[in-house]
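An overview of the molecular structure
Listed here are the chains, written in short residue letters.
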2 protein chains.
Amino acid sequence: MKSDDLSSGIDRRALVSNLVLLPALSTALLSSPAQGQTTLNAPLASWNERPAKQAIVDFVRATTQQGSPGFVPPEDRIATFDQDGTLWVEHPIYNQVIYCLDRVPAVVAQKPELRNVEPFKTVLSGNREAIAKFSLSDLEKILVATLTGMSVDVFEAEVRKWLESAKHTRWNRLYTELIYQPMLELLQYLRESGYKTYIVTGGGQDFVRVYSQRVYGIPPEQVVGTMGGTKFDYDKNGKPFLTKEPKLLLNDDMAGKPEGIHLMIGRRPHAAFGNSDGDREMLEYTGAGAGTRLKMLVLHDDATREYAYGPAQGLPATKVGAFTQALFDEAKKNGWIVIGMKNDWKRVFAFE
Amino acid sequence: MKSDDLSSGIDRRALVSNLVLLPALSTALLSSPAQGQTTLNAPLASWNERPAKQAIVDFVRATTQQGSPGFVPPEDRIATFDQDGTLWVEHPIYNQVIYCLDRVPAVVAQKPELRNVEPFKTVLSGNREAIAKFSLSDLEKILVATLTGMSVDVFEAEVRKWLESAKHTRWNRLYTELIYQPMLELLQYLRESGYKTYIVTGGGQDFVRVYSQRVYGIPPEQVVGTMGGTKFDYDKNGKPFLTKEPKLLLNDDMAGKPEGIHLMIGRRPHAAFGNSDGDREMLEYTGAGAGTRLKMLVLHDDATREYAYGPAQGLPATKVGAFTQALFDEAKKNGWIVIGMKNDWKRVFAFE
């Protein structure tokens, strides 16, 4: 696709120089719907008229118009979306990790022997600096203690309750309000074009499923995430139930993403969206298929409305959501489209 | 549901005594469509007018009619079907096992060191009696050698090719022709009623996915089966591909069925269909949900048109597809409906 070449070539200087032309351009295009015209672009209302949006529209047109050489039959239309940093805010720390930290007091109340054991002791102390320094092994202990050992029904109820009250400190809003409005519109646009939309996340599959339908319009069976085993058993009344086990079936990140896609979907997506090195293999796998395929990466370059981190293109390196220069270079080489939040999105959140 | 009570109480004697009344009854009911009436029953054309069919129709009515106390919102309508012995013939041996045995010569051609190693040596000898005596460990070696170690694309092509020519010896027909027509109609009827239909099989997930859309109208992502891991890698040209690994993620049988349902679907079915002890936990799990749930078991009691085996109700015990007396008793106790092939189905196969 020609627009791939255009957009993958974007670098920071080009973004800045294009800005000069943007206000006039977007005003001209925005006025079209007001003049009563119906255009294919209309559904992506929060996207600026730039190559990223054009690439989406071109892709949908190429794969859904009968007679187009890139036509994809409706039953084969699969689009996969990373979640953290692609559909909702992932900074300063993944929301699910906050959930796990928030759950520690309840877990310790049930298992008092953990009170003076690390890393639980530090979590209870509330020492944010010490918590920020947790090793992967510390985090793993917290994840196992808070995400496994209960029935799937109890887990779902706990996550649901947490989502109703826990808030992001920067915006003082529920995490489920911190969804990127342009990506919601993209999900909707693809679904209206016959695409089945999936989340493919390194986060916990069962965690994301609790709110995926309500927040993204994506049913639980279309959430592919990091998967743990469950164990079937009977309660004292003989009623069957499933317990979440501390057994990792698949770490749905990096190479695990195409593996998870094969496991859960059984075929290759025609469109894939990510924002970090964890999505690289998913985009490569999508791109390796025949015909027209759309591969896009969200670049967080908007410290004012959201965050700016990278370290691609000189943005600050952070622990969460690494968009490395190597990924940026691979995107450019392979014709993947980079979505610059700052310039491609008219607004970031619905509440703006 | 009242009809559950009726039908679960069926035993062999009742089936026999009901037969006396059946011809007159079915003629009367069959004549209705010819008289130009449109009834809700019409879609299940190969089902006799008996409690099993009535239970299906009652279930669909109860769960899909607005205002019904058992109403299920369209997005929650999930129905799960075992495959072997429930949707297609499983005798005298599971079709996928025949595939694996048929693949042994090709595997040995690639790995000549296996030629004189058991169990491959015996498979190559063609000694059916010896093959029939294989232990589980022998079978496992054959399954690993023929189902793993190749790319997912190569595997799919091999299965596709085999399905085009391999035939069942009794009927001299392709395995994909040996689908139960009444069950195809049931799948179709449920889908038209807003149900998402899933296969939940002890067979290999990747194997069944090759033909599920074409044969059952069920897309690959709605096949839950025994799952193996895959490994993401790059070929010498840098193109990514997935290799099927000899790593069992989930044995989708017995307790593995509800575990597989949770993993792949993330919620409890409202209807579940099986035919053997391997489906017991799936039906229990389905039945443990609130509201109206349909649980049905196919009983193979028709040696003339298909097979008769059990050992429920005095049918001969076999290696494949055990419908034990204990399962029969549990069905009766829990109000699960037993579908007797002989009396409930007007025809078994489309080609009859």
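Residues numbered from 1 in each chain as written. Chains lettered and ligands numbered in written order. Predicted model: local features only at pLDDT ≥ 70, side-chain atom pairs only at ≥ 80, totals over all residues. Heavy atoms only, no water.

**Side note on the overall build of chain A**
Of regular secondary structure, chain A possesses 15 helices and nine strands. Counting every position in chain A, which comprises 352 residues, the buried fraction comes to 57%. The contacts in chain A between residues at least 6 apart in sequence include a share of 66% that link residues at least 24 apart. Surface accessibility of chain A: about 14900 Å² in total, with carbon and sulfur atoms responsible for 54%. (Helix = DSSP H or I, 4+ residues; strand = E, 2+ residues; numbered from the N terminus. Buried < 20%, exposed > 50% of the residue type's maximum accessible area, 1.4 Å probe, protein only. Contact = heavy atoms within 4.5 Å. Areas by Shrake-Rupley, 256 points an atom, 1.4 Å probe, with all protein chains shown as cover.)

**Focus: the relation of the copies chain A and chain B**
Between chain A and chain B, the superposition needs a rotation of 180 degrees and an axial shift of 0.0 Å, giving an RMSD of 0.0 Å. Such a turn and shift between the copies fits a two-fold axis. Residue by residue, 100% of the interface of chain A is reproduced at the interface of chain B, so both copies engage with the same surface. (Least-squares fit on C-alpha atoms with pLDDT ≥ 70 in both.)

**Some points on the interface of chain A and chain B**
On the chain B side, the residues contacting the 38 residues of chain A number 38 residues. Between chain A and chain B, roughly 3100 Å² of surface is buried when both sides are summed, and carbon and sulfur atoms account for 56% of that area. The tally of links from chain A across to chain B stands at six salt bridges. Where Arg268 of chain A meets Asp153 of chain B, a salt bridge forms, and the shortest distance between an N and an O atom there is 3.9 Å. Remark: the boundary between chain A and chain B carries 20 residue pairs in polar contact (both at pLDDT 80 or more). Counting only elements with at least two residues in the side of chain A that touches chain B, the list comes to helix 9 (152–165), strand 4 (196–204), helix 11 (205–216), strand 5 (223–234), strand 6 (240–250), helix 12 (256–264) and helix 13 (280–287) of chain A. (Buried area = accessible area lost by both parts, 1.4 Å probe. Salt bridge = Lys/Arg side-chain N within 4 Å of Asp/Glu carboxyl O. Polar contact = N/O pair within 3.5 Å; in protein donor to acceptor, adjacent residues only side chain to side chain.)

**Concerning the sheet that holds strand 1 (residues 78–81) of chain A**
Sheets are built from strands that pair by backbone hydrogen bonding, the pairs being arranged parallel or antiparallel. Strand order across the open sheet formed by seven strands is 6-5-4-1-7-8-9 (chain A), with mixed pairing between neighbours. Both edges of this open sheet fall to strand 6 and strand 9 (337–340) of chain A, since each of them pairs with a single strand only. Taken over all neighbouring pairs, the strand axes of this sheet differ in orientation by 35 degrees on average, direction set aside. Across the sheet, helix 12 (residues 280–287) of chain B lies against strand 5 and strand 6 of chain A, angled at about 95 degrees from strand 5 of chain A, the strand it touches most. (Pairing = 2+ DSSP bridges. Axes fitted to C-alpha atoms, helices over the stretch in contact; angles between N-to-C directions.)

**Side note on the environment of Arg267 of chain B**
Position of Arg267 of chain B among the secondary structure elements: in the loop between helix 11 (256–264) and strand 7 (271–274). Taking the C-alpha atoms as reference points, Arg267 of chain B and Asn48 of chain B, separated by 219 residues in sequence, lie 32 Å from one another. Ignoring sequence-local partners within four residues, the contact set of Arg267 of chain B consists of Pro219, Pro220 and Glu221 of chain A together with Glu75, Asp76, Ile78 and Ile261 of chain B. Here the side chain of Arg267 of chain B touches Glu75 of chain B through a polar contact of 2.8 Å, landing on its backbone oxygen.

**Some thoughts on helix 10 (residues 181–192) of chain A**
An α-helix turns once per 3.6 residues; consequently, residues spaced three or four apart project the same way. All names here are of chain A. Its twelve residues give helix 10 an end-to-end C-alpha distance of 16 Å, which sits within 8% of 16 Å, the value for a rise of 1.5 Å per residue. Those residues of helix 10 that fall on the buried side of the exposure criterion are Gln181, Pro182, Met183, Glu185, Leu186, Leu187, Tyr189 and Leu190. Those residues of helix 10 that are buried lie in contact with helix 4 (51–64), strand 1, strand 4, helix 11, strand 7 (271–274) and strand 8 (294–299). Of the residues flanking the end of helix 10, it is Gly194, one or two places downstream, whose phi is positive at about 90 degrees. (Expected span 1.5 Å × (residues − 1).)

**A word on the confidence of the model for chain A**
All names here are of chain A. On average, residues of chain A score 89 in pLDDT, and 88% of them reach the 70 mark or higher. With pLDDT under 50 throughout, residues 1–41 is counted as low confidence; its partners more than four residues away or in other chains account for 46 contacts. Scored by ipTM, the complex comes to 0.88, with pTM at 0.88. (pLDDT = per-residue confidence, 0-100.)

**Remarks on empty space enclosed by the protein**
Throughout the structure, instances matching the rule amount to four cavities of 30 Å³ or more. Here the largest cavity defines a volume of roughly 40 Å³. Around the largest cavity sit Lys196, Tyr198, Glu221 and Gln222 of chain A together with Lys196, Tyr198, Glu221, Gln222 and Met264 of chain B, which together line it. Residue assignment for the lining of the largest cavity shows that the elements contributing at least two residues are strand 4 of chain A together with strand 4 (196–204) of chain B. Within the lining of the largest cavity, the residues separate by chemical class into three nonpolar, two polar and four charged. (1 Å grid on protein atoms, 1.4 Å probe; cavity = no way out; pocket = protein on both sides within 12 Å on 5 of 7 lines; lining within 4 Å. Points joined across faces, edges and corners; volume = space filled by probe spheres on them. Nonpolar A, V, L, I, M, F, W, Y, C, P; charged D, E, K, R; others polar.)

**Some details on the sheet that holds strand 8 (residues 294–299) of chain B**
All names here are of chain B. If you walk across this open sheet you meet the seven strands as 6-5-4-1-7-8-9, and the pairing is mixed. Two strands in the sheet have a free side with no partner beyond their single neighbour: strand 6 (240–250) and strand 9 (337–340). Taken pair by pair, the neighbouring strands of this sheet meet at an average axis angle of 35 degrees, ignoring direction. By the bridge criterion, three bridges tie strand 4 to strand 5 (residues 223–234) in an arrangement that is parallel. Looking at strand 5, one finds that Ile199 is bridged to Val223.

**What about the packing of aromatic side chains?**
Each pair of aromatic rings is reported with the distance of its centres and the angle of its planes. All names here are of chain A. If you walk through the whole model with that rule in mind, you get 36 aromatic pairs over all chains. Where Trp47 meets Trp345, the ring centres are 5.9 Å apart and the plane angle is 75 degrees; that geometry is what we call edge-to-face. Of this pair, Trp47 sits in the loop between helix 3 (22–34) and helix 4 while Trp345 sits in the segment after helix 15 (341–344), and the two are 298 residues apart along the sequence. The buried category is assigned to Trp47, whose relative accessible area is 0%. Judged by relative accessible area, Trp345 falls into the buried class, the value being 1%. Ring centres 6.2 Å apart and planes at 90 degrees place the aromatic pair Tyr99 and Phe155 in the edge-to-face group. Pair noted here: Tyr99 is in helix 5 (residues 95–110) and Phe155 is in helix 9, with a separation of 56 residues, a long-range link. Exposure class is identical for Tyr99 and Phe155. Each is buried. Members of the aromatic cluster, joined through ring pairs, are Trp88, Tyr99, Phe155, Trp162, Tyr175, Phe207, Tyr211 and Tyr216. (Phe/Tyr/Trp six-rings, centres within 6.5 Å; stacked < 30°, edge-to-face > 60°.)

**Describing the pattern of salt bridges**
Residue and element names in this part refer to chain B. Taken as a whole, this structure holds 34 salt bridges over all chains when the rule is applied. Between Arg173 and Glu177 there is a salt bridge; the shortest N-O distance is 2.9 Å. The exposure class of Arg173 is partly exposed, given its relative accessible area of 26%. Asp302 is the partner of Arg305 in a salt bridge, and the nearest nitrogen-oxygen pair spans 2.7 Å. The partly exposed category is assigned to Arg305, whose relative accessible area is 21%. Residue Asp302 is classed as buried on the basis of its relative accessible area of 4%.

**A short note on unusual backbone geometry**
Cis rather than trans, the peptide bond between His91 of chain A and Pro92 of chain A has omega equal to 0 degrees. If you check the backbone angles, Asn172 of chain A has positive phi at about 55 degrees while not being a glycine. Along the chain, the position of Asn172 of chain A falls in the loop between strand 2 (167–168) and strand 3 (173–174). Unlike most non-glycine residues, Met254 of chain B shows phi in positive territory, near 55 degrees. With respect to the helices and strands, Met254 of chain B occurs in the loop between strand 6 and helix 11.

**Let's talk about the packing of helix 11 of chain A against helix 11 of chain B**
Between helix 11 of chain A and helix 11 of chain B, whose axes approach to 10 Å, the crossing angle comes to 60 degrees. When the axis of helix 11 of chain A is compared with that of helix 11 of chain B, the two are oblique. Each of Gln205, Asp206 and Arg209 of chain A in helix 11 of chain A lies in contact with helix 11 of chain B, whose residues at this interface are His262, Leu263 and Met264 of chain B. (Parallel < 35°, antiparallel > 145°, perpendicular 65-115°, else oblique.)

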